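Reading the structure
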Amino acid sequence: MDLKLQIKPEKLPRHIAIIMDGNGRWAKKHGKPRVFGHRNGVKAVRETTEAAAELGIDFLTLYAFSTENWNRPRLEVDTLMKLLVETLHKEVNTLMKNDIKLQAIGNINKLPRPTHKALLAGIERTKNNKRMTLILALNYSAKWDIVQATQKIAKACKEGLINETDINDQVFAQALSTGNIPDPELLIRTSGEARLSNFLLWQLAYAELYFTPTFWPDFRKQQLYEAIVDYQQRERRFGKISEQLVP
Ligand code: FPP
């Protein structure tokens with residue numbers, strides 16, 4: 001049966017997060033430089049975003065550049081930053097046509113100026129869109145996020161805005177860069193690697209993890225459907241036992 005038809009609309013995750021991995025190995029497999037993999041990765045971004053919006057997913061978060069990625073060769077970092085500018089310029093019209101809002105998480109002030117500018121322009125232009133929110137994690141790391149949230153809360157305490165005894169799960173979650181965004185129910189990582197690589201550590205506490213050997217540039221709608229069908233077959237117990245769950 002068609003995979004898309006197997007997806008139960010009433011059990012869709014509201015938020016899917018993806019670690020797009022394997023661009024470099026995909027390029028190597030094709031005898032090309034690593035940046036060729038990133039260029040082809042953009043096609044996968046486009047298809048996945050379209051598929052998620054068509055299905056009615058509310059939030060899609062893509063790990064596009066981690067704080068650790070600055071350690072890559074200069075040429076690769078520069079090309080990735082240029083590719084982002086190019087893609088943002090080209091695709092903002094598509095986001096408008098599809099009623100998709102763009103957001104970003106991460107230390108984006110430290111991005112190169114043209115990337116930062118293109119990103120802010122895309123966020124501003126799409127801010128009233130309603131169908132889905134596409135969140136790019138850029139210069140992001142979960143440890144950075146947890147530290148900046150802690151600093152925010154410490155400052156609020158110091159200024160007497162909150163009491164230290166008022167700090168709880170909700171207060172902390174609100175101070176993270178994902179403040180008003182619900183936690184992802186499903187995390188997908190491509191390319192056969194099975195780790196979180198400093199991505200959304202707090203927010204993924206109860207996410208279902210899905211690992212696929214597919215390299216990111218080969219990821220298409222069908223691969224997203226496969227991940228969702230797999231997710232829908234899992235029993236999410238949140239610490240309870242099967243018999244306690246309401247069907
Ligand atoms: C991981 O593959 C990929 C990245 C670090 C960059 C992802 C960026 C894109 C797909 C392009 C731009 C994105 C947007 C949202 C417009 P890797 O290089 O780590 O692959 P490897 O593990 O095989 O070396």
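Residues numbered from 1 in each chain as written. Predicted model: local features only at pLDDT ≥ 70, side-chain atom pairs only at ≥ 80, totals over all residues. Heavy atoms only, no water.

A separate point is the sheet that holds strand β6 (residues 208-211). Strand order in the open sheet made by the six strands is β3-β4-β2-β1-β5-β6, with parallel pairing throughout. Across the chains shown, the open sheet's two edge strands, defined by having one partner strand only, are β3 (100-105) and β6. For this sheet, the mean angle separating the axes of adjacent strands, direction not counted, is 20°. Inspection of the sheet shows strand β1 (residues 15-19) paired to strand β5 (residues 186-189) by four bridges, in the parallel sense. Paired with I18 across the strands is I188, a residue of β5. Set on the sheet, helix α8 (residues 221-232) makes contact with β1, β5 and β6; between it and β5 the angle comes to about 135°. (Pairing = 2+ DSSP bridges. Helix = DSSP H or I, 4+ residues; strand = E, 2+ residues; numbered from the N terminus. Axes fitted to C-alpha atoms, helices over the stretch in contact; angles between N-to-C directions. Contact = heavy atoms within 4.5 Å.)

Attention shifts here to the side chain of N129. Tracing the sequence through the fold places N129 in the loop between α5 (113-125) and β4 (132-140). Judged by its relative accessible area of 10%, N129 falls in the buried class. Separated by 3.0 Å, the side chain of N129 and the backbone oxygen of I100 make a polar contact. When neighbours within four sequence positions are excluded, N129 is seen to be in contact with L95, M96, D99, I100 and K101. (Buried < 20%, exposed > 50% of the residue type's maximum accessible area, 1.4 Å probe, protein only. Polar contact = N/O pair within 3.5 Å; in protein donor to acceptor, adjacent residues only side chain to side chain.)

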